[in-house]
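Listed below are the residues making up each chain.
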Amino acid sequence: MKNRMVKISVVLAVLCVFLSCQTESKHEENKNVVEFPTISEPILLVDNGKEHLYASYYGINSFSANDRYATVLETDIKYTLPTEDEPATLGMVDLETGDFIPLTETRAWNFQQGCMAHWLPSSPDSLIIYNDLREGKFISIIFNVHTKEEIKTIPYPISALSNNGKYAASINFSRLRQTRSDYGYGGEGQDANMDVQFPEDDGLFIVDLETGEADLIVSMADVRDQVPEVVDEGIEYFNHTLFSRGDSKIFWLARAIPNRNTTSFVVNIDGTELTRCFPDDWGGSHFDWLNDDELMVTAAYQGKQYSHVLFTPGQDNYVRLGNGILDYDGHGAFSPDGKWMITDTYPRGSALLEQKIYLMHMATQAILPLGTFVEPAEFKSHWRCDIHPRWSRSGQLVGFNSTHTGSRQAYLLKLDF
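Because the structure is a prediction, the values reported are computed rather than measured.

## Focus: the overall build of the protein
Here is step 1: For the protein, the count of helices and strands is two helices and 29 strands.
Here is step 2: Against the compact-globule benchmark of 22 Å for 417 residues, the protein has a radius of gyration of 24 Å, which places it among compact chains.
Here is step 3: Seen through its C-alpha atoms, the protein measures out along the principal axes to roughly 100 × 55 × 50 Å.
Here is step 4: Looking at the protein as a whole, 54% of its 417 residues qualify as buried.
Here is step 5: Taking all contacts inside the protein whose residues are at least 6 apart in sequence as the whole, residues at least 24 apart take part in 52%.
Here is step 6: Carbon together with sulfur atoms contributes 48% to the accessible area of the protein, which is approximately 18,400 Å² in total.
Here is step 7: Each charge sign in the protein was given a centre, from 34 positive and 58 negative side chains, and these centres are 9 Å apart.

Here it is, written out as structure tokens:
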């Protein structure tokens, strides 16, 4: 009897180990299975015979915190760059009714970045900040979208907003109009300093939105020895700024004309620890912070292949995302929880002028195509329309721009996780 009990115990022990292994094996199996969200067909936001685009650059949240409203620009301009005499209507779309609600006008806008409208974290369902040209100066306005009241005027244009809503980054949009026309604003709202190659009094500013005061934390002269040599007739300029998720750092690009060399930089918001992101010849183009330390920049990996590269500034832990599928220059943006990245493609290199959208699961790097959109040849110029995806604060909405119907319009994808 005793021997029989021992045999039963041994059998039960073996069975338990087997079942445990099966469970672990199943668990390991499931770790590699990605449940992508259910995604809607593209939803056209406004259909009233005019041109529309999201009122900010890609990656910037264009949606109120409750997912009810989206900030959009409306214009009649189609195939030219806007001038200071051609204002756009800044409005918001009620995503429940489809109504376009005009709010105000702005004369500081372009097709690439809109008027850099951001929802303010202090009141993310009612307050926005956007750029304008007033009395010959580029400024930014804090505005209540429900009362249509201007709350405060900031004497600087913004190029990025901190995640806590207390600070903004500011650059010279007049210089940008001369060096990268489709990203600057019409009008002489700032001194472009075009007679100075590396000005000491111009560069990257941090603006205190409470006081309206600004500090120059990195001048163009500060980076002279860290960027490729600029020819005698050339000009250095700054563009594309973004705060890290915890607001401790800021990323931006230093570029030059006529030879368009690019250097990617990160600096602490107090101006300390100026850091180049990449070795020589990697450059840099589009970007997003995954958290307060890790950054994704599309760059020429090893100086050879443009890729979506994830790394920690100051370290050489470079990782190409997407297992080779995302080896191109796209506009990558991380979901608010960091679990997903959405990105797009340019139409160049495609005989069909196709622009594509992809969703990538960060843990497995599994990729889901979300759509293909053809850009008409008429938009192949400085007034081009990039897809420029952006997430809502909830992570359940993705907005993008497209001209695939022959007009520039803002679209929406709904994600059901």
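Having put the structure on the table, let's press on.
## A closer look at the sheet that holds strand β12 (residues 167-170)
Here is step 1: Spatially, four strands are ordered β11-β12-β13-β14 in an open sheet, and the strand pairing comes out antiparallel. Each edge of the sheet is formed by a strand with only one pairing partner; in this case those strands are β11 (160-161) and β14 (214-219).
Here is step 2: Pairing geometry for strand β13 (residues 203-208) and β14, over five bridges, is antiparallel. Pairing of glycine 203 across the sheet is with serine 219, part of β14.

## What to know about the sheet that holds strand β16 (residues 249-257)
Here is step 1: An order of β15-β16-β17-β18 is seen for the four strands of this open sheet, with the pairing classed as antiparallel. In the strand order of this sheet, the two ends are held by β15 (235-243) and β18 (275-276), each with one partner.
Here is step 2: When β16 meets strand β17 (residues 262-268), the two strands line up antiparallel, connected through seven bridges. The partner of alanine 254 across the bridge, within β17, is threonine 263.

## Concerning the nonpolar core
Here is step 1: Counting residues in hydrophobic clusters, the biggest one holds 47 residues, and the most contacted among them are Leu204, Phe238, Phe251, Trp252 and Phe278.
Here is step 2: In terms of residue count, the dominant contributor to this core is β16 (six residues).
Here is step 3: Each residue touching phenylalanine 278, except ones within four places of it in the same chain, is listed here: Ser264, Gly283, Gly284, Val297, Ala299, Val309, Phe311 and Tyr318.
Here is step 4: Among the nonpolar cores identified, the runner-up in size contains 22 residues, and Ala55, Met92, Tyr130 and Trp383 belong to it.

## Describing the packing of aromatic side chains
Think of a pair of aromatic rings as described by two things: how far the centres are apart, and how the planes are tilted against each other in angle.
Here is step 1: Within the structure shown, the criterion is met by 22 aromatic pairs.
Here is step 2: Chaining the aromatic ring pairs together yields one cluster made of Tyr57, Tyr58, Tyr183, Phe251 and Phe287.
Here is step 3: In this structure, arginine 408 is placed above the aromatic ring of phenylalanine 111, and the distance from its NZ or CZ to the ring centre is 3.7 Å.

## Quick notes on the pattern of salt bridges
Here is step 1: Summed over the entire model, instances satisfying the criterion amount to 14 salt bridges.
Here is step 2: Close ionic contact of arginine 134 with glutamate 150 constitutes a salt bridge, the shortest N to O distance being 2.7 Å. Within this pair, whereas arginine 134 is found in strand β8 (residues 127-134), its partner glutamate 150 is found in strand β10 (residues 149-154), the two being separated by 16 residues in sequence.
Here is step 3: Assessed through its relative accessible area of 27%, arginine 134 is described here as partly exposed.
Here is step 4: By relative accessible area, which is 37% here, glutamate 150 ends up partly exposed.
Here is step 5: Between aspartate 182 and arginine 180 there is a salt bridge whose closest N-O contact spans 3.9 Å. Here aspartate 182 and arginine 180 have matching classes, each one buried.
Here is step 6: One salt-bridge network, held together by shared partners, links Arg180, Asp182, Arg384 and Asp386.

Analysis parameters
Counting restarts for each chain, with residues numbered from 1 along the sequence as it is written. The model is predicted, so local features are restricted to residues of pLDDT at least 70 and side-chain atom pairs to those at 80 or more, both for listing and for counting; the totals for chains, interfaces and linings are taken over all residues. Working from all heavy atoms in the structure, the side-chain values ignore hydrogens and water. Strands here are runs of E lasting at least two residues and helices are runs of H or I lasting at least four, both read from the DSSP assignment and numbered beginning at the N terminus. Radius of gyration: C-alpha atoms only; globule rule: 2.2 Å multiplied by the number of residues to the exponent 0.38. A 1.4 Å probe rolled over the protein chains alone gives each residue an accessible area, and that area as a share of the maximum for its type sets the label: buried under 20%, exposed over 50%, partly exposed in between. Residues are treated as being in contact if the distance between any of their heavy atoms lies within 4.5 Å. Surface exposure here means Shrake-Rupley accessible area, sampled with a 1.4 Å probe, where a residue is shielded only by the protein chains that are shown. Only four residue types enter the tally: Lys and Arg on the positive side, Asp and Glu on the negative side, with His and both chain ends excluded. Just so you know, the charge point we use is NZ for Lys, CZ for Arg, CG for Asp and CD for Glu. For two strands to pair, DSSP has to find at least two bridges joining them. In this text, buried Ala, Val, Leu, Ile, Met, Phe, Trp, Tyr and Cys residues form a nonpolar core when linked through side-chain atoms within 4.5 Å. Pairing of aromatic rings covers Phe, Tyr and the six-membered ring of Trp, with a centre-to-centre limit of 6.5 Å; geometry is then stacked below 30 degrees between planes, edge-to-face above 60, and tilted otherwise. A ring is considered to have a charge above it if a Lys NZ or an Arg CZ atom is located within 6 Å of its centre and within 35 degrees of its normal. Any Lys or Arg side-chain nitrogen found within 4 Å of a carboxyl oxygen on Asp or Glu counts as a salt bridge.

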